Amino acid sequence: SRGWPFRCIFCSKPAYRNKYRYRSSKNIVDEMEAVYDRCGGKFNFVDDTLGSNRQKAMEFCDEIISRGLKVEFACQMRATDVDDLFFSKLSQAGCREIFFGVESGSNRIRNEVIQKFVPEEKLHEAVKICRKYGMQSNFYLMLGFPTETWKDIEDTINIGVKTKVDFIGLHITQIIPGSRL
């Protein structure tokens, strides 16, 4: 997909465009087949919102499965997009790694300050379901949001331990032109 339907304060995408568009599943899998030998069937989808349109994501998985294409891929999504049926299909299609944009381990920062609106329970659920289907779970985390306290920083540092996520990426918040931040 291109575009971004959410409005987190640190993101510049809504400032540039508020449109959201998709490629067809057939088109994507055709391209995967075309480069299959060069990449050994391993793909990384840099699509921030793979799970935000469940129908399109399921069609994508079905296209891979129906062609009998043996692939492994990584993707990104929000923890709010996690559910058992969806992850079962992702696993069948070859998904082996998921990156979740968590941003902060502090519920206050995540939901009130940056308006991510992801409850901590969904973070735990995301890791648990990844593990159930043999997928590696990864959290993108950020430090340096407005009003962030030492307690918020500790919550962010400790969210990996609390959820038992496989990997975390910890980054400094960048102020991007066009973002509300």
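Residues numbered from 1 in each chain as written. Predicted model: local features only at pLDDT ≥ 70, side-chain atom pairs only at ≥ 80, totals over all residues. Heavy atoms only, no water.

Enquirer: Would you explain the packing of helix H3 (residues 54-66) against helix H4 (residues 84-93) in this entry?
Expert: When two helices pack together, their arrangement is captured by the angle between the axes and the distance separating the axes. Contact geometry of H3 with H4 gives a least axis separation of 8 Å together with a crossing angle of 30°. When the axis of H3 is compared with that of H4, the two are roughly parallel. The interaxial crossing formed by H3 with H4 has left-handed handedness. Across from Arg-54, Ala-57, Met-58, Cys-61, Asp-62, Ile-64 and Ile-65 in H3, the residues of H4 making contact are Leu-85, Phe-86, Lys-89, Leu-90, Gln-92 and Ala-93. (Axes fitted to C-alpha atoms, helices over the stretch in contact; angles between N-to-C directions. Helix = DSSP H or I, 4+ residues; strand = E, 2+ residues; numbered from the N terminus. Parallel < 35°, antiparallel > 145°, perpendicular 65-115°, else oblique. Left-handed = near helix turned anticlockwise from the far one by under 90°. Contact = heavy atoms within 4.5 Å.)

Enquirer: Even after reading the chapter, I still don't get the pattern of salt bridges, so can you show me in this structure?
Expert: Pairing is possible between side chains of opposite charge, provided their charged atoms come close. Taken as a whole and judged by the stated rule, the model has 15 salt bridges. Here Asp-30 ties to Lys-26 by a salt bridge, and the two come within 2.8 Å at their closest N and O atoms. In this pair, Asp-30 and Lys-26 are both assigned in helix H2 (residues 25-39), four residues apart and thus about one turn of the helix distant. For Asp-30, a relative accessible area of 30% translates into the label partly exposed. A salt bridge links Asp-62 to Lys-89; the nearest nitrogen and oxygen atoms lie 2.7 Å apart. In this pair, Asp-62 sits in helix H3 while Lys-89 sits in helix H4, placing the two residues 27 residues apart along the sequence. (Salt bridge = Lys/Arg side-chain N within 4 Å of Asp/Glu carboxyl O. Buried < 20%, exposed > 50% of the residue type's maximum accessible area, 1.4 Å probe, protein only.)

Enquirer: It is not clear to me how the packing of H2 against H3 should be interpreted in this structure. Could you clarify?
Expert: Relative orientation of the contacting elements H2 and H3 amounts to 40°, with a least axis distance of 9 Å. Taken as axis vectors, H2 and H3 run oblique relative to one another. Here H2 and H3 pass one another in a crossing that is right-handed. Across the interface between the two elements, Ser-25, Lys-26, Ile-28, Val-29 and Met-32 from H2 touch Lys-56, Glu-59, Phe-60, Glu-63 and Ile-64 from H3. For the contact of H2 with H3, the residue count by class is five nonpolar, one polar and four charged. (Nonpolar A, V, L, I, M, F, W, Y, C, P; charged D, E, K, R; others polar.)

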